[in-house]
Amino acid sequence: MKLATWNVNSLTVRLPQVLEWMQAVKPDVLVLQEIKQLTEAFPLDAIREAGFHALANGQKTYNGVATISRWPLNDPVTEIPALGDAQRRVLATTINDLRVINLYVPNGQSLESDKYRYKLGWLAALRDFLAAELKDHEYLAVLGDFNIAPEDRDVYDPADWGDDVLCSAPERAALQELIKLGLVDVFRQFEQPEKIFSWWDYRAARFRRNAGLRIDLILASPALARLCTTSYVDREPRSWERPSDHAPVVAEFSLW
DNA sequence: ATGGTGGTCCAACCA
């Protein structure tokens, strides 16, 4: 079973790239963030034509998530309970015996911003939601754009980035609260080359210089993490014409 | 030292 996450920065623009990538890599489940379109604008016909099922939780202009799967998607949840968030950033679905929680964590903008406080509150509510979901699902994956680089080795130049947003101690601590629930960052279960990132700012030729961060994560429940056989970032789509600023991240499991 | 680029949608916001 091959699971993948990709922040596409507008599915309207990136649909051809998503279809091409799916054809080449053949994921069983692909979760998308920043589709930047209403649910009713999601290109369901094109996804079906490619042989997949899908559900979307969309929003005009900003945010929006969708989950694409070779098998039907059940029991959708589009909200973190008790958060009352107007922004479309969550889509939990059940695919066979696997619970898949697709996340677009708030960016936070800067440590002084209201958006940063919103990010920390969002992550606190997420923790409680995931604690409940873990009780109900042995095989649980939580994946998406976390907008947090877990450690300094996930940053191109930790001294240059400092403790700015995406790397600050409070957000890293909030991520550790998810890890304490038992979730495992499966990418780090395997030996990896140095300087592997999943996002490179469009500005200042950061992709050319590999000045990126690893902020797109695949977390797995203990039972699912034990079945993980590999995890990697596929840099190739970031090098295509008119790319997303994120690359897809993949994990494979001995499941199904 | 400040601004880079790109998406949405056309002025300004978000990342």
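See the structure shown above.
Residues numbered from 1 in each chain as written. Chains lettered and ligands numbered in written order. Predicted model: local features only at pLDDT ≥ 70, side-chain atom pairs only at ≥ 80, totals over all residues. Heavy atoms only, no water.

Attention now goes to the protein's contact with DNA strand B. Around DNA strand B, the structure places 17 residues, and the nearest of them are Ser10, Arg14, Lys60, Thr61 and Lys115. By atom count, sugar and phosphate contribute 70% of the portion of DNA strand B lying within 4 Å of the protein. One of the side-chain N or O atoms of Ser10 is found 2.3 Å from a phosphate oxygen in DNA strand B. Residue Thr61 places a side-chain N or O atom 2.7 Å away from a phosphate oxygen belonging to DNA strand B. Examining the composition of the surface near DNA strand B, we find that 3 residues originate from one element, helix α1 (residues 11–25), more than from any other. For the surface near DNA strand B, the class distribution of residues is 5 nonpolar, 5 polar and 7 charged. (Near = heavy atom within 4 Å. Polar contact = N/O pair within 3.5 Å; in protein donor to acceptor, adjacent residues only side chain to side chain. Helix = DSSP H or I, 4+ residues; strand = E, 2+ residues; numbered from the N terminus. Nonpolar A, V, L, I, M, F, W, Y, C, P; charged D, E, K, R; others polar.)

Another aspect to go through is the pattern of salt bridges. Here the structure, examined in full by the defined rule, presents 16 salt bridges. A salt bridge links Glu171 to Lys119, with the nearest nitrogen and oxygen atoms 2.5 Å apart. Of this pair, Glu171 sits in helix α5 (residues 169–180) while Lys119 is found in helix α3 (residues 114–136), placing the two residues 52 residues apart along the sequence. Connected through shared salt-bridge partners, Arg127, Asp128, Glu177 and Lys180 make up one network. (Salt bridge = Lys/Arg side-chain N within 4 Å of Asp/Glu carboxyl O.)

On to the environment of Pro76. Mapping Pro76 onto the fold places it in strand β5 (residues 74–77). Not counting residues up to four positions away in its chain, the partners in contact with Pro76 are Leu55, Leu91, Ala92 and Thr93. (Contact = heavy atoms within 4.5 Å.)

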